[in-house]
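Examining the three-dimensional arrangement
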Amino acid sequence: MTMEEIKDVLEYASKTKTSLTRIMLDNMVVPLDNGDVDVSMLKEVVELINGKFETEASGNVTLETVHEIGQSGVTYISSGALTHSVKALVL
């Protein structure tokens, strides 16, 4: 999602009765060349949402980056890295 899309969702939710409870913040974590991540956009969006909805970060989440992403203030974190490298076991 982009910042503009988040603003659109928040505007819609403020004008409409909705059952929306959580906003997925996909690909707002930017990987850096040194292996770290930039979570500034994620933090900015979490501040904008201001607790009105649960938030869930996804995209570029690994065991190495999950702690820093968690420090952004999101409610939940999803990681496809847990299943991307799974090898099948033939029995």
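Small disclaimer: the values here were computed from a predicted structure and weren't measured. Numbers given for residues are sequential positions, taken from 1 along each chain in its written order. This being a predicted model, a pLDDT of at least 70 is required before a residue's local features are given, and a value of 80 or more before pairs of side-chain atoms are given or counted; all residues contribute to the totals for chains, interfaces and linings. Here the side-chain values reflect all heavy atoms present in the structure, with hydrogen atoms and water set aside.

Section: the sheet that holds strand 4 (residues 54-58)
Put simply, the rule reads: Pairing between two strands requires that DSSP report at least two bridges joining them. Here a strand is any run of E in DSSP of at least two residues, a helix any run of H or I of at least four, and the numbering for each starts at the N terminus. Here, residues are in contact when the closest pair of their heavy atoms is within 4.5 Å. In this analysis, axes come from line fits to C-alpha atoms, helices being fitted only over the stretch in contact, and the angle between any two N-to-C directions falls in the range 0 to 180 degrees.
The strand order across the open sheet formed by 3 strands is 1-4-5, and the pairing between neighbours is parallel. Both edges of this open sheet fall to strand 1 (22-26) and strand 5 (76-77), since each of them pairs with a single strand only. Here strand 1 pairs with strand 4 via 5 bridges, running parallel. For Asp 26, the partnering residue across the bridge sits in strand 4 and is Ser 58. In the packing of helix 2 (residues 40-49) onto the sheet, the strands contacted are strand 1 and strand 4, and the crossing angle to strand 1 comes to about 165 degrees.

A short note on the packing of aromatic side chains
Heads up, the condition is: Aromatic contacts are taken between Phe, Tyr and Trp rings whose centres are within 6.5 Å, Trp giving its six-membered ring; a plane angle under 30 degrees counts as stacked, one over 60 as edge-to-face, and the others as tilted. Only when the NZ of Lys or the CZ of Arg is both within 6 Å of the ring centre and within 35 degrees of the ring normal is a charge said to sit over the ring.
Within the structure shown, the criterion is met by 0 aromatic pairs. Over the face of the ring belonging to Tyr 76 we find Arg 22, whose NZ or CZ atom lies 3.9 Å from the ring centre.

Overview of the environment of Val 45
Its location among the elements puts Val 45 in helix 2. A sequence separation of 27 residues divides Val 45 from Ser 72, and the C-alpha atoms of the two residues are 9.5 Å apart. Non-local contacts of Val 45, meaning those with residues more than four positions away in its chain, are made with Met 3, Ile 6, Leu 25 and Met 28.

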